[in-house]
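# Working through the structure, step by step
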Amino acid sequence: SEQSTATSRIKNTDDGISMQHEYQDIIVSEISGGVLTITLNRPEAYNALRTQLLSELATVLQQAAADDEVRAVVVTGSEKVFAAGADIKEMAALDAVGVLNDPRVLHWRTIAQFPKPLIAAVNGFALGGGCELVMHADIVIAGDNAQFGQPEINLGIIPGAGGTQRLIRTVGKSMAMQLVLSGEFISATQARDFGLVSEVTIPERTLERATELARKIATKPPIAVRQAKEVLLKAYETTLDSGLSLERKAFTLLAATEDRNEGIAAFMEKRKPNFTGK
Ligand code: HXC
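The text that follows walks through the structure, step by step, so that each part is easy to find.

Rules used throughout
- Residues numbered from 1 in each chain as written.
- Predicted model: local features only at pLDDT ≥ 70, side-chain atom pairs only at ≥ 80, totals over all residues.
- Heavy atoms only, no water.
- Buried < 20%, exposed > 50% of the residue type's maximum accessible area, 1.4 Å probe, protein only.
- Helix = DSSP H or I, 4+ residues; strand = E, 2+ residues; numbered from the N terminus.
- Arc of directions from axis to C-beta.
- Contact = heavy atoms within 4.5 Å.
- Core = buried A, V, L, I, M, F, W, Y, C linked by side-chain atoms within 4.5 Å.
- Near = heavy atom within 4 Å.
- Polar contact = N/O pair within 3.5 Å; in protein donor to acceptor, adjacent residues only side chain to side chain.
- Areas by Shrake-Rupley, 256 points an atom, 1.4 Å probe, with all protein chains shown as cover.
- Nonpolar A, V, L, I, M, F, W, Y, C, P; charged D, E, K, R; others polar.
- Expected span 1.5 Å × (residues − 1).
- Pairing = 2+ DSSP bridges.
- Axes fitted to C-alpha atoms, helices over the stretch in contact; angles between N-to-C directions.
- Parallel < 35°, antiparallel > 145°, perpendicular 65-115°, else oblique.
- Left-handed = near helix turned anticlockwise from the far one by under 90°.

Another aspect to go through is helix α4 (residues 104-112). Residues that lie three or four places apart on an α-helix share one face, since the helix turns once every 3.6 residues. Listed as buried for α4 are Arg104, His107, Trp108, Thr110 and Ile111. Buried residues in α4, looked at end-on, bunch into an arc of 155°, giving them a common side. Considering only its buried residues, α4 is in contact with α1 (51-66), α2 (88-91), β7 (118-122) and α5 (129-136).

Here we come to the nonpolar core. Within the largest apolar cluster, 47 residues are counted, with the highest numbers of intra-cluster contacts made by Leu40, Val73, Phe82, Val122 and Phe148. The element that contributes the greatest number of residues to this core is α1, accounting for six residues. If we skip the residues at most four places from it in the chain, Val122 touches Phe82, Val134, Val140, Ile141, Ala142, Gly143, Ala146, Phe148 and Thr206. Counting 12 residues, the second largest nonpolar core, distinct from the first, contains Val35, Ala210, Ala214 and Ala218.

Let's shift gears to the site of the ligand. Of all residues adjacent to the ligand, which total 22 residues, the nearest are Tyr46, Ala84, Ala86, Ile88 and Gly129. In the model, an oxygen atom of the ligand is placed 3.3 Å from a nitrogen or oxygen of the Lys89 side chain. Alone, the ligand offers 1000 Å² of accessible surface; in the complex the protein occludes 64% of this. Put simply, the parts of the chain that give the shell around the ligand at least two residues each are α2, β8 (125-127) and α5. In terms of residue count, the dominant contributor to the shell around the ligand is α2 (three residues). The class makeup of the residues in the shell around the ligand is 13 nonpolar, four polar and five charged.

Bringing α1 into the picture now. Helix length check: α1, at 16 residues, gives a terminal C-alpha distance of 23 Å against a target of 22 Å (1.5 Å per residue), a fit within 8%. When we look at burial in α1, the residues that qualify are Leu53, Leu54, Glu56, Leu57, Ala58, Val60, Leu61 and Ala64.

Here we take up the sheet that holds strand β10 (residues 147-149). One open sheet holds the four strands; their spatial order is β6-β8-β10-β11, and the pairing between them is mixed. Sheet topology places β6 (81-83) and β11 (186-187) at the edges, where each strand pairs with a single neighbour. Direction of pairing for β10 relative to β11: antiparallel, over a ladder of two bridges. Its bridge partner being in β11, Gln147 is matched across the sheet by Ser187. Against the sheet, α5 makes contact with β6, β8 and β10, and its axis sits at roughly 90° relative to β8, the strand it touches most.

Here the focus is the packing of helix α6 (residues 163-171) against helix α7 (residues 173-182). Between α6 and α7, whose axes approach to 7 Å, the crossing angle comes to 140°. When the interaxial angle is binned, α6 and α7 end up oblique. As for the relative orientation of α6 and α7, their crossing is right-handed in sense. For the pair α6 and α7, the contacting residues are Leu167, Ile168 and Val171 in the first and Lys173, Met175, Ala176, Leu179 and Val180 in the second. Of the residues contributing to the contact of α6 with α7, the split by class is seven nonpolar, no polar and one charged.

Here you go:
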């Protein structure tokens, strides 16, 4: 039985009217310091990523992408579980054509295309699709109780939300093969050593540290932040030469922004910059 209760986010719009959004599988915070926090909230199923959850996540990220107030997003789970993967019970009902037409593919694409910084705060299990969601984040902070794995092989399947491709680019061939072929989990510190995670902390501080970073990023000039994310991610899929060319073009584009002039002027005048996002 589904125990998760519908949760809501109240947002004050320009005309003063409160808009309420109902979510079943996630909790969406108020925007605070430019940061929106999304908490995966299906405790009864270890935050398994059923279609409903992914759809809500994709919807919120799409809104966050269009909302100038949101400068960075933190995604987190509970103290025990980030996400235990695709919902195996839901998956069991799909045949090959069902898998082919699975709407979750589109939700994953929306998550992958989120243009602003996405920071994952991971405690406990991040398995299968949960580990793949972690790899959709730009920065990953993990509690020392976190465990990462791609146990799909035990179900007669393979990672299906980018795990084979993102894992090998993130942790290298040998560890990617080890995780995907054996289904074994790795610890937070191993994940950090292999570049899947940038920092490990005590579980009580995981969300706080991720939020601290997100808030810091939220104070940076937003056009430069977006360009940096876009160009960095291109390194995954392009040659050094075309990546460097894209970097040069983005670098040149930024020379046309007011925030670049402001940043340089503030440095020269030994004062804090006042970025406007222009
Ligand atoms: C649906 C899940 C689930 C999942 C856990 N649960 N993982 N339900 N889908 N992925 C449910 C269990 O059925 C159980 O509910 C409750 O959560 C607690 O799980 P337990 O197994 O009782 O807990 P525990 O013994 O602590 O073991 C935790 C665990 C184990 C190691 C995380 O649950 C586990 O191995 N889960 C599956 C992990 C996995 O194989 N992930 C990959 C999925 S495939 P009930 O009501 O039954 O008691 C995948 C493909 C990605 O992700 C493709 C993307 C497109």
